[in-house]
Amino acid sequence: MKVKKDIRSLNLKELCSFFESNNYPAFRGNQVYNWLWNKSCFSFDEMTNISLELREVLKKDFVINHIKIDKIQKSIDGTIKNAVTLFDNLLVESVLIPVKNRTTACISSQVGCSLDCEFCATSKLKRIRNLNPDEIFDQASTINLQSKFYYNRPISNIVFMGMGEPLLNYINLIEGINKITSKDGLGMSPKRITVSTSGISKLIIKMADENVKFNLAVSLHSAVEKTRNKIMPFTIKFPLTDLKEAIKYWYNKTQKIVTYEYIVWKGINDDMNHINALVDFCKSSPSKVNIIEYNKTSNDFFISADDSIINKYIEELESNRIPVTIRKSRGKDIDAACGQLANKLKQ
Ligand code: SAH
């Protein structure tokens, strides 16, 4: 049997050429493209300005792969977690986070994750595959609809803080973001998009060279090499000195301030040595720090530090003029908070 191609893997030019080579006018390509991207249409039969005959031609060669929301869970704080089924029945999760007058979509970039951050539930799932650009786009467009439905407003921000390491799915990530920001897609400003990475230096440099317009967040969690290697073992291959240089390079090229994500744990990084190392690290290029509340996973080794030491972190950062914010967890009661995405719904 002929394997049908996913029509959404074609760009506009390729789609128009398909029609031309089948002796149809090229503008049909524009119409179909519009259905696929502007209208998020998932069925050829809904493309009402395309003739029946032409729809059959399309069905013969193509399928429209798209995500399906399998199950929705709503938190008491308004956060909504979606279990997203992909065309091959694999599952990822994406989250809608409403705060005052903003709504953020937190989306996944991979099925599972190849990294081994000991404190993150997703890292316990093997990385199975990268998400395609349209699967990245679909999560954003689906959450956008959900936001309009539940909160009467479109999403205002997107963070790549769901499952997976976005930079290890680089090409699809960039293509997905291009779709989200383009007129054909959601027309969203890249300034409202943040890609969070565990710190793959080479790819931070690549993004800087490509002069991307979205924001960068780096999951630092410790500026002491030995500690970082222990809690994120893969970082043995990605030394902090390289990361520091890559971030400097990023800032020089893009003039964008990096955000460091940082969790403080009891007995791990709750001392002055770690505070000083963080302050030093932050001074190497303009940056701000987001202290993230730790969300419990099955690893009992990690326990949130006392407030007194978190306050000490804040005090030291502020006295060195490094902006710092504390990010409260959202959606904890439904395991939708950072680091808790682990497809529990299917288990
Ligand atoms: N792989 C990317 C993006 C996914 S994780 C990255 O590492 O940045 C998104 C954020 O959640 C990261 O800052 C990550 O370190 C953090 N995180 C992971 N587990 C967590 C947990 N249990 N509690 C709070 N934050 C967690």
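Along each chain, numbering runs from 1 in the same order as the chain's sequence is written. Since the coordinates come from a predicted model, pLDDT governs what is reported: local features require at least 70, and pairs of side-chain atoms require 80 or more to be given and counted, while whole-chain, interface and lining totals use all residues. As a convention, hydrogens and water are excluded, and side-chain values are obtained from all of the structure's heavy atoms.

Another aspect to go through is the nonpolar core. By convention a nonpolar core is built from buried Ala, Val, Leu, Ile, Met, Phe, Trp, Tyr and Cys residues, the set being connected through side-chain atoms within 4.5 Å. Whether a residue is buried, partly exposed or exposed follows from its accessible area with a 1.4 Å probe, protein chains only, as a fraction of its type maximum: under 20%, in between, or over 50%, in that order. Phe 119, Ile 158 and Val 289 are the most contacted members of the largest nonpolar core, which has 110 residues in total. To qualify as a helix, a DSSP run of H or I must reach at least 4 residues; to qualify as a strand, a run of E must reach at least 2; elements of each kind are numbered from the N terminus. The biggest single contributor to this core is helix α9 (residues 272-283), with six residues. Of the domains in this structure, domain 1 (5-63) and domain 2 (68-346) are the two that each give at least three residues to this core. Contacts were defined at the residue level, with two residues in contact if any of their heavy atoms lie within 4.5 Å. Beyond its immediate sequence surroundings of up to four residues, Val 289 is in contact with Tyr 260, Tyr 262, Leu 278, Cys 282, Leu 317, Ile 322, Pro 323, Val 324 and Thr 325. Either an automatic procedure or a domain database provided the assignment from which the domain bounds are taken.

Two faces, one strand: in a regular strand the side chains alternate between the faces of the sheet. The alternating pattern of strand β9 (residues 157-160) places Asn 157 and Val 159 and Ile 158 and Phe 160 on opposite faces, both of which are buried. At least two bridges found by DSSP between two strands is the condition for calling them paired. Direction of pairing for strand β6 (residues 102-106) relative to β9: parallel, over a ladder of three bridges. Paired with Cys 106 across the bridge in β9 is Val 159. Two strands pair when backbone bridges link them, and β9 and strand β10 (residues 193-197) are joined in this way by three bridges, in the parallel orientation. Within β10, the position partnered with Phe 160 by the bridge is Val 195. Crossover handedness is defined here as right-handed if the route from the first strand over the helix to the second strand goes clockwise, with the strands pointing away from the viewer. For the crossover that starts at β9, traverses helix α5 (residues 170-181) and ends in the parallel β10, the hand is right-handed.

Here the protein is partitioned into domain 1 (5-63) and domain 2 (68-346). The C-alpha centroid of domain 2 is placed 35 Å from the C-alpha centroid of domain 1. Across the contact, seven residues belong to domain 1 and eight residues belong to domain 2. Summed over both sides, the interface of domain 1 with domain 2 buries roughly 710 Å², with 42% coming from carbon and sulfur. Here the quantity called buried area is the total loss of accessible area, with a 1.4 Å probe, experienced by two parts when brought into contact, counted for both. It is Arg 8, Tyr 33 and Trp 37 that lose the most area in domain 1 upon contact with domain 2, and together they represent 62% of the buried surface on that side. For this analysis, a salt bridge means a side-chain nitrogen from Lys or Arg found within 4 Å of a carboxyl oxygen belonging to Asp or Glu. At the surface where domain 1 touches domain 2, the tally comes to two salt bridges. As used in this structure description, the phrase polar contact means that two N or O atoms lie within 3.5 Å; if the pair is within protein, one of them must be able to donate a hydrogen and the other to accept it, and residues adjacent in sequence are counted only when both atoms belong to side chains. Between domain 1 and domain 2 we count four residue pairs in polar contact (both at pLDDT 80 or more) in total. For the side of domain 1 that touches domain 2, the element with the most residues is helix α2 (residues 27-38), which contributes three residues. As a working rule, the residues Ala, Val, Leu, Ile, Met, Phe, Trp, Tyr, Cys and Pro are called nonpolar, Asp, Glu, Lys and Arg charged, and the rest polar, with Gly in that last group. Taken together, the residues of the side of domain 1 that touches domain 2 break down into three nonpolar, two polar and two charged.

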